[in-house]
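Chain by chain, the residues run as shown.
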Amino acid sequence: MEKREQIYEGKAKKVFLTDDPGLVIVDYKDDATAFNGLKKGTITGKGVINNKMSNLLMQKLEAAGIPTHFVEELSDRETLVRKVDIVPLEVIIRNIAAGSFSKNYGVKEGTPFEQPTIEFSYKNDDLGDPLINEYHALALKLATKEEIDLIKKYAFAVNDFMKAYWLERGVILVDFKLEFGKTADGAIVLADEISPDTCRFWDAKTMEKLDKDRFRRDMGGVEDAYNEIMGRLS
């Protein structure tokens with residue numbers, strides 16, 4: 001597979017064309033950002049961990065019946081994926097109150113929900129990724145009703161799988177963000193990544209944070225937390 005010119009660089013990844021128009025190469029960086037890019041830094045080794053964790057989890061999710069963009073891991077930092085048009089909706093599933101949910105709604109962090117919640121953000125950096133509902137998404141033509149219904153179905157299925165998977169490894173899945181894409185033939189697939197950048201992971205015994213919150217909140221031990229959560233994978 002021949003790697004060609006770079007077509008995108010985001011906060012955490014670069015994307016390159018290949019000699020196959022239906023496939024691209026994603027290159028994971030160690031750059032870290034928070035608060036819509038207002039806070040910037042580096043988490044040494046993050047790119048390798050996020051790449052390998054995403055790939056392992058996406059393969060497990062494929063086996064569980066959830067289609068993804070994953071094709072092949074090429075190296076520690078690079079993965080071959082199907083080329084998709086990202087649906088401009090960030091999909092957040094929450095099992096426990098934390099982060100912006102606690103801040104916005106005055107709910108004590110750590111409060112469990114009777115059932116998972118789902119929320120959407122409009123993926124638009126200039127607007128600060130504002131929270132929106134399904135009617136907004138339809139009005140903005142970000143996706144069709146059928147696509148949104150399918151995205152919700154997949155997102156809750158990802159949650160069901162991941163909660164059980166991580167709990168077996170002594171980790172509570174607090175919440176996480178997903179992104180979906182459309183393939184050339186219009187199929188909706190899970191895209192982007194699943195990592196300590198996009199999930200909140202708490203140790204089931206100590207409630208220690210094992211994710212990007214350590215960077216956001218200047219808690220220290222960021223690299224150690226990423227390495228610890230990677231070590232729980234199997």
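It should be noted that the structure appears before, not after, this text.
My aim in this report is to walk through the structure given alongside it, one point at a time. (Residues numbered from 1 in each chain as written. Predicted model: local features only at pLDDT ≥ 70, side-chain atom pairs only at ≥ 80, totals over all residues. Heavy atoms only, no water.)

It is worth spelling out the pattern of salt bridges at this point. In this structure the tally under the stated criterion is 29 salt bridges. The shortest N-O distance in the salt bridge between Glu-193 and Lys-13 comes to 2.5 Å. One end of the pair, Glu-193, is in the loop between strand 13 (188–191) and strand 14 (199–203); the other, Lys-13, is in strand 2 (residues 13–18), with 180 residues separating them in the sequence. Neither Glu-193 nor Lys-13 differs from the other in exposure class; each is buried. Among the salt bridges present, the one from Asp-213 reaches Arg-216, with a minimum N-O distance of 2.6 Å. Linking Asp-213 with Arg-216, this pair stays in helix 5 (residues 213–216), spanning three residues, or about one helical turn. Given a relative accessible area of 1%, Asp-213 falls into the buried group. Take Arg-216: its relative accessible area is 24%, and that puts it in the partly exposed class. (Salt bridge = Lys/Arg side-chain N within 4 Å of Asp/Glu carboxyl O. Helix = DSSP H or I, 4+ residues; strand = E, 2+ residues; numbered from the N terminus. Buried < 20%, exposed > 50% of the residue type's maximum accessible area, 1.4 Å probe, protein only.)

So, on to the packing of helix 1 (residues 46–63) against helix 4 (residues 145–167). It is the contact of helix 1 with helix 4, at a shortest axis distance of 11 Å, that shows an interaxial angle of 115 degrees. Where helix 1 crosses over helix 4, the two elements pack in a sense that is right-handed. Seen from helix 1, the contacting residues are Met-53, Leu-56, Leu-57, Lys-60 and Leu-61; seen from helix 4, they are Val-158, Phe-161, Met-162, Tyr-165 and Trp-166. In terms of residue class, the contact of helix 1 with helix 4 is made up of nine nonpolar, no polar and one charged. (Axes fitted to C-alpha atoms, helices over the stretch in contact; angles between N-to-C directions. Left-handed = near helix turned anticlockwise from the far one by under 90°. Contact = heavy atoms within 4.5 Å. Nonpolar A, V, L, I, M, F, W, Y, C, P; charged D, E, K, R; others polar.)

This next bit is on the environment of Thr-18. With respect to the secondary-structure elements, Thr-18 resides in strand 2. With 173 residues separating them in the primary sequence, Thr-18 and Ala-191 have C-alpha atoms 18 Å apart. If sequence neighbours within four positions are ignored, Thr-18 has contacts with Met-1, Glu-2, Arg-4, Leu-23, Val-24, Ile-25 and Leu-80. Within the local environment of Thr-18, its side chain forms a polar contact with the backbone oxygen of Asp-20, the two atoms lying 2.9 Å apart. Here the side chain of Thr-18 touches Leu-23 through a polar contact of 2.9 Å, landing on its backbone oxygen. (Polar contact = N/O pair within 3.5 Å; in protein donor to acceptor, adjacent residues only side chain to side chain.)

Counting residues in hydrophobic clusters, the biggest one holds 38 residues, and the most contacted among them are Trp-166, Leu-178, Phe-180, Ile-194 and Phe-201. Broken down by secondary-structure element, the contributors of at least two residues to this core are helix 1, strand 9 (89–96), strand 10 (112–122), helix 4, strand 12 (171–182), strand 13, strand 14 and helix 6 (222–232). If one sorts the elements of this core by residue count, helix 4 sits on top with eight residues. What Leu-178 contacts, discounting residues up to four positions off in sequence, is Leu-89, Glu-90, Val-91, Ala-155, Val-158, Leu-190 and Ile-194. Counting seven residues, the second largest nonpolar core, distinct from the first, contains Ala-32, Ala-34, Ile-43 and Ile-49. (Core = buried A, V, L, I, M, F, W, Y, C linked by side-chain atoms within 4.5 Å.)

This next bit is on the pairing of strand 2. In this sheet, strand 2 lies alongside strand 1 (residues 3–9) in antiparallel orientation, the contact comprising four bridges. Bridged to Glu-9 within strand 2 is Lys-14. Between strand 1 and strand 2, which pair antiparallel one after the other, the connecting turn spans three residues. Inspection of the sheet shows strand 2 paired to strand 3 (residues 23–28) by five bridges, in the antiparallel sense. Residue pairing in the sheet places Lys-14 in a bridge with Asp-27 of strand 3. (Pairing = 2+ DSSP bridges.)

Attention now moves to the packing of aromatic side chains. Per the counting criterion, the structure on display carries six aromatic pairs. Between Tyr-154 and Phe-180, the ring centres sit 6.4 Å apart and the planes meet at 20 degrees, which makes this aromatic pair stacked. Of this pair, Tyr-154 sits in helix 4 while Phe-180 sits in strand 12; the two residues are 26 residues apart in sequence, bridging distant segments of the chain. As far as the burial class goes, Tyr-154 and Phe-180 line up, both buried. For the pair Trp-166 and Phe-201, a centre-to-centre distance of 4.6 Å together with 45 degrees between the ring planes defines the contact as tilted. With a gap of 35 residues between them, Trp-166 in helix 4 and Phe-201 in strand 14 connect regions that are remote in the sequence. Taken individually, Trp-166 and Phe-201 each receive the classification buried, so the pair is uniform in this respect. Counting every residue linked through ring pairs, the aromatic cluster contains Phe-161, Tyr-165, Trp-166 and Phe-201. (Phe/Tyr/Trp six-rings, centres within 6.5 Å; stacked < 30°, edge-to-face > 60°.)

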